[in-house]
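Residue-level structural notes
Here's the letter readout for the chains.
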Amino acid sequence: MNLDRLREIIVLVEESGVSEIEIEEDGLRIVVRKDSPRPATAPEPQIVAPVIASPATSDEESTVSDTTEDPGQKIHAPIVGTYFSAPSPDSDPFITVGQRVKPGDVLCIIEAMKLMNEIESEVSGVVLEILVENGVPVEFDQPLFVIETT
Amino acid sequence: MAAKIIPPVLRPRWGVPGSLFYDMTSRIYDTPDKTVTQNSDALQDVANMYERTLKTDSLGRPFRFESLVASTNDMARDWALVGGPHGALFFADEQAQGRGRRGRVWQTQPGVNLTFSLILRSEFLSVDIGLITLAAGFAMFKTLRTLFPTLNIQIKWPNDILIGPRKCSGILLESSIGADRSDKFAILGIGLNVNQITFSGDLERTATSLLLETGHRHDRIGLLVAFLDELETRILQISGDKSSFLKEYEGHLAGMGSAVRLNSFDGGPAVTGKILGITEDGCMRLQTLSGVQVVYAGDVTFEDGSDDLEL
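Going along each chain's sequence as written, the residues are numbered from 1 onward. Chain letters and ligand numbers both follow the written order, the letters beginning at A and the numbers at 1. Whole-chain, interface and lining totals are the exception, using all residues; otherwise, since this is a predicted model, local features are given only for residues with pLDDT of at least 70 and side-chain atom pairs are given and counted only at 80 or more. Hydrogens are left out, water is left out, and the side-chain values use all remaining heavy atoms of the structure.

A look at the overall build of chain B
Inclusion rule: The numbering of helices and of strands both runs from the N terminus, where a helix is a DSSP run of H or I of at least 4 residues and a strand a run of E of at least 2. Accessible area is worked out with a 1.4 Å probe on protein chains only. A residue is then buried under 20% of its type maximum, exposed over 50%, and partly exposed in between. Contacts: residue pairs with any heavy atoms within 4.5 Å of one another. Per-residue accessibility takes into account occlusion by the displayed protein chains alone, with areas from the Shrake-Rupley method and a 1.4 Å probe.
For chain B, the count of helices and strands is seven helices and 16 strands. Scored against the burial criterion, the 311 residues of chain B give a buried share of 55%. Sequence-distant contacts, at least 24 apart, represent 64% of the contacts inside chain B between residues at least 6 apart. Approximately 12,600 Å² of chain B is accessible, and the part contributed by carbon and sulfur atoms is 51%.

And the structure:
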């Protein structure tokens, strides 16, 4: 497949109503998906949930499918403690859905025994989901955020 | 009044513990309604006294003394980011924007209290940094208990110090956890009300100082040096025998064996129960109606009808 053909496909997806197209040609599989912002009305949850739940699809060419079909990378709590979304109750949250983050950006604070741990992002990407409520306890390894990596 | 320029103050040369020089590149802080009341000569006397009397092996060296900063934790953090070593101490005669947990303000008047921060690097600690917050609280308790044996001093989990029902010392640790899930460093910030006479707002009811409790003034540097020595000892203790430390700690824990309420911050759920003790990690074990619960964070208030003791 040459670059012109690839360009055609990208334009096709861009102009059409579909959000994703998958083409297999001569053993090469190409997935083109429209980038964020995701429309709130899209029936994402129904599609997303089974993908996460079932590891069955991982048999395919994993390097390709990981980056294209995975709805985003989950960021897990590195420690147990109380989750805080902002530096203080009166300030703006560290991150909001749709925000772009880069490695080293502070995502939240987790407090244990009055040790305030700022949790830094290890990835670049866009925040798709925030999975926990401000001020609640989180367990070790509990998913906190979904970030669409770029 | 927009900003004030801090006059040249005393700083140690990095990497040469205790060696002092004047740094003309003092930073500018935006501190409306605050003035620099301490001149650098007086601060140098304080720093000299500190250097002469410090007894520790590594904690508290090197050190930087400044007359006025926004927050010693922020200054220590900036220092750590450019290589400030484990044990380094940042002391401020006055803190304009000292903070406690969740945006609370730590009020200090100039030149009367102890406000300082220490850089702790995890590679120098053979214990979990979480337990250090308890060790710091206990070290402060022990320091005060030794100097003032007649006062009713207790620890409020995890590391506040109460004299009677009022708080005289607070400790806040801040650290960041990055990509490799390792602690790069933590900043241990400590405030002790020493010679403050008046407190405003709610603090009038909930805060106290050593002067108010004893009726006379106390030497801040003497207290600082004694605390650092005690903290070094306690860090060694928890590196070896955690259980003996936890037993001692529990022995002076306010509310041990009685009912407390742990309020979460920012509107999270509260937990009520009887304090059973402290786990190996420093968490509080509570007997609740639904069984034994381990709590990692929260704001202790006592359920015996006394007022909310949190500042």
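Focus: the overall build of chain A
Looking only at helices and strands, chain A has three helices and 10 strands in total. Mapped in sequence order, the helices and strands of chain A form the string α-β-β-α-α-β-β-β-β-β-β-β-β. Buried residues in chain A amount to 36% of all 150 residues. For chain A, the proportion of contacts with a sequence separation of at least 24, taken over those separated by at least 6, is 55%. On chain A, roughly 8,500 Å² of surface is accessible, and the fraction owed to carbon and sulfur atoms is 55%.

A look at the packing of aromatic side chains
Residues and elements named next belong to chain B. This is how the line gets drawn: Centres within 6.5 Å make a pair out of two Phe, Tyr or Trp rings, where for Trp the six-membered ring is used; the pair is then stacked when the planes are under 30 degrees apart, edge-to-face when over 60, and tilted otherwise.
A full pass over the atoms with the stated rule returns nine aromatic pairs over all chains. On the basis of an interplanar angle of 80 degrees and a centroid distance of 4.8 Å, the ring pair of Tyr-50 and Phe-63 is categorised as edge-to-face. With a gap of 13 residues between them, Tyr-50 in helix 1 (residues 40–53) and Phe-63 in strand 5 (residues 63–69) connect regions that are remote in the sequence. Neither Tyr-50 nor Phe-63 differs from the other in exposure class; each is buried. Here the aromatic cluster, defined as three or more aromatic residues joined through ring pairs, consists of Tyr-50, Phe-63, Phe-65 and Phe-91.

Side note on the environment of Asp-92 of chain A
Among the structural elements, Asp-92 of chain A can be located in the loop between strand 4 (81–84) and strand 5 (100–101). Along the backbone, Asp-92 of chain A and Glu-120 of chain A are 28 residues apart, and their C-alpha atoms lie at a distance of 17 Å.

Overview of the pairing of strand 5 of chain B
Residues and elements named next belong to chain B. As a reminder of what qualifies: Strands qualify as paired when DSSP identifies two bridges or more between them. We call a crossover right-handed when, viewed with the strands running away from us, the connection from the first strand over the helix to the second turns clockwise.
Counting buried residues in strand 5 gives seven out of seven residues, a clear majority hidden from the surface. As paired strands, strand 5 and strand 6 (residues 89–95) are joined by six bridges and run parallel to one another. Note that in strand 6 the partner of Val-69 across the bridge is Gln-95. Once the chain exits strand 5 it traverses helix 2 (residues 72–81) before rejoining the sheet at strand 6, and the crossover so formed is right-handed.

Observations regarding unusual backbone geometry
Between Arg-61 of chain B and the following residue, Pro-62 of chain B, the backbone shows a cis peptide bond with an omega angle of -10 degrees. As for its placement among the helices and strands, Pro-62 of chain B is situated in the loop between helix 1 and strand 5. Here the bond from Trp-157 of chain B into Pro-158 of chain B is cis, since omega is 0 degrees, no more than 30 degrees from zero. Summarising the element assignment, Pro-158 of chain B is placed in the loop between strand 8 (153–156) and strand 9 (160–163). Although it is not a glycine, Lys-114 of chain A sits at a positive phi angle of roughly 65 degrees.

What to know about the domain arrangement of chain B
Interface size is often expressed as the accessible area that is lost when the parts come together. Residue and element names in this part refer to chain B. So the rule is basically this: Domain boundaries shown here were taken from an automatic or database domain assignment. Each of two parts loses accessible area, computed with a 1.4 Å probe, when they are put together; buried area is these two losses added.
Domain assignment breaks chain B into domain 1 (4–251) and domain 2 (259–302). Residue-level contacts link 12 residues of domain 1 with 18 residues of domain 2. Approximately 1,300 Å² of surface area, both sides summed, lies buried where domain 1 meets domain 2, with 57% of it carried by carbon and sulfur atoms. Looking at the side of domain 1 that touches domain 2, the elements that each hand over two or more residues are helix 3 (129–147) and helix 7 (242–251). Of the residues forming the side of domain 1 that touches domain 2, the biggest block, four residues, is contributed by helix 7.

Some words on the packing of helix 3 of chain B against helix 6 (residues 220–240) of chain B
Residue and element names in this part refer to chain B. The condition that has to hold: Every axis in this analysis is a line fitted to C-alpha atoms, fitted for helices over the stretch in contact. Angles between the N-to-C directions lie between 0 and 180 degrees. Any angle from 65 to 115 degrees is called roughly perpendicular, while one under 35 is roughly parallel, one over 145 is roughly antiparallel, and all others are oblique. Each helix crossing is assigned a hand: it is left-handed if the near helix lies turned anticlockwise from the far helix by less than a right angle, otherwise right-handed if that turn is clockwise. Each residue is assigned to one of three groups, with Ala, Val, Leu, Ile, Met, Phe, Trp, Tyr, Cys and Pro labelled nonpolar, Asp, Glu, Lys and Arg labelled charged, and all others, Gly among them, labelled polar.
Relative to each other, helix 3 and helix 6 sit at 135 degrees, their axes nearing to 8 Å. The angle between the axes of helix 3 and helix 6 places the two elements in the oblique class. For the pair helix 3 and helix 6, the sense of crossing is right-handed. Contact residues: Leu-131, Ile-132, Ala-135, Ala-136, Phe-138, Ala-139, Met-140, Lys-142, Thr-143, Leu-144 and Leu-147 in helix 3; Leu-223, Ala-226, Phe-227, Glu-230, Leu-231, Arg-234, Ile-235 and Ile-238 in helix 6. Residue classes in the contact of helix 3 with helix 6 are distributed as 15 nonpolar, one polar and three charged.

Considering the sheet that holds strand 3 (residues 73–76) of chain A
All names here are of chain A. Pairing within the open sheet is antiparallel, and its four strands lie in the order 3-10-8-5. At either end of the open sheet lies a strand with only one pairing partner, and these are strand 3 and strand 5. Bridge count between strand 3 and strand 10 (residues 143–149): four bridges; the pairing is antiparallel. Looking at the pairing, Ile-75 lines up with Phe-145 of strand 10.

Examining the side chain of Asn-195 of chain B
Within the secondary structure, Asn-195 of chain B is located in the loop between strand 11 (183–192) and helix 4 (203–206). Setting aside residues up to four positions removed in sequence, Asn-195 of chain B forms contacts with Val-112, Asn-113, Leu-211, Arg-217, His-218 and Arg-220 of chain B.

Things to note about the interface of chain A and chain B
The test is simple: Any Lys or Arg side-chain nitrogen found within 4 Å of a carboxyl oxygen on Asp or Glu counts as a salt bridge. Here a polar contact means two N or O atoms within 3.5 Å. Within protein one must be a hydrogen donor candidate and the other an acceptor candidate, and residues neighboring in sequence count only if both atoms are side-chain atoms.
Tallying the contact residues gives 29 residues for chain A and 34 residues for chain B. When chain A packs against chain B, close to 2,500 Å² is buried across both sides, 55% of that on carbon and sulfur atoms. If you sort the residues of chain A by the area they bury against chain B, Met-113, Lys-114 and Leu-115 of chain A come out on top, with a joint share of 33%. Inspection of the region where chain A meets chain B yields two salt bridges. Residues Glu-118 of chain A and Arg-77 of chain B are paired through a salt bridge, measuring 2.7 Å at the closest nitrogen-oxygen approach. Counting across the chain A and chain B interface gives 12 residue pairs in polar contact (both at pLDDT 80 or more). Those elements that place two or more of their residues in the side of chain A that touches chain B are strand 4, strand 6 (106–112) and strand 7 (115–120) of chain A.

Some words on helix 6 of chain B
How we decide: Here, expected helix span is obtained from the residue count minus one, scaled by 1.5 Å.
In this model, helix 6 of chain B (21 residues) spans 30 Å end to end at C-alpha, consistent with the 30 Å of a helix rising 1.5 Å per residue. Regarding helix 6 of chain B, its N-cap is Asp-219 of chain B, as a side-chain oxygen of that residue lies 3.1 Å from the backbone nitrogen of Ile-221 of chain B further along.

Focus: the confidence of the model for chain B
Residue and element names in this part refer to chain B. To keep it simple, the criterion reads: A residue's pLDDT is simply how confident the predictor is in it, with values from 0 to 100.
Averaged over every residue, the pLDDT of chain B is 80; the share at 70 or more is 80%. Across residues 1–38 the pLDDT falls below 50, and counting only partners more than four positions away or on other chains, this stretch makes 94 contacts in the model. Here residues 305–311 is a poorly scored stretch, pLDDT under 50, and it has 19 contacts once near neighbours within four places are set aside; other chains count. Predicted as a complex, the structure gets a pTM of 0.72 and an ipTM equal to 0.74.

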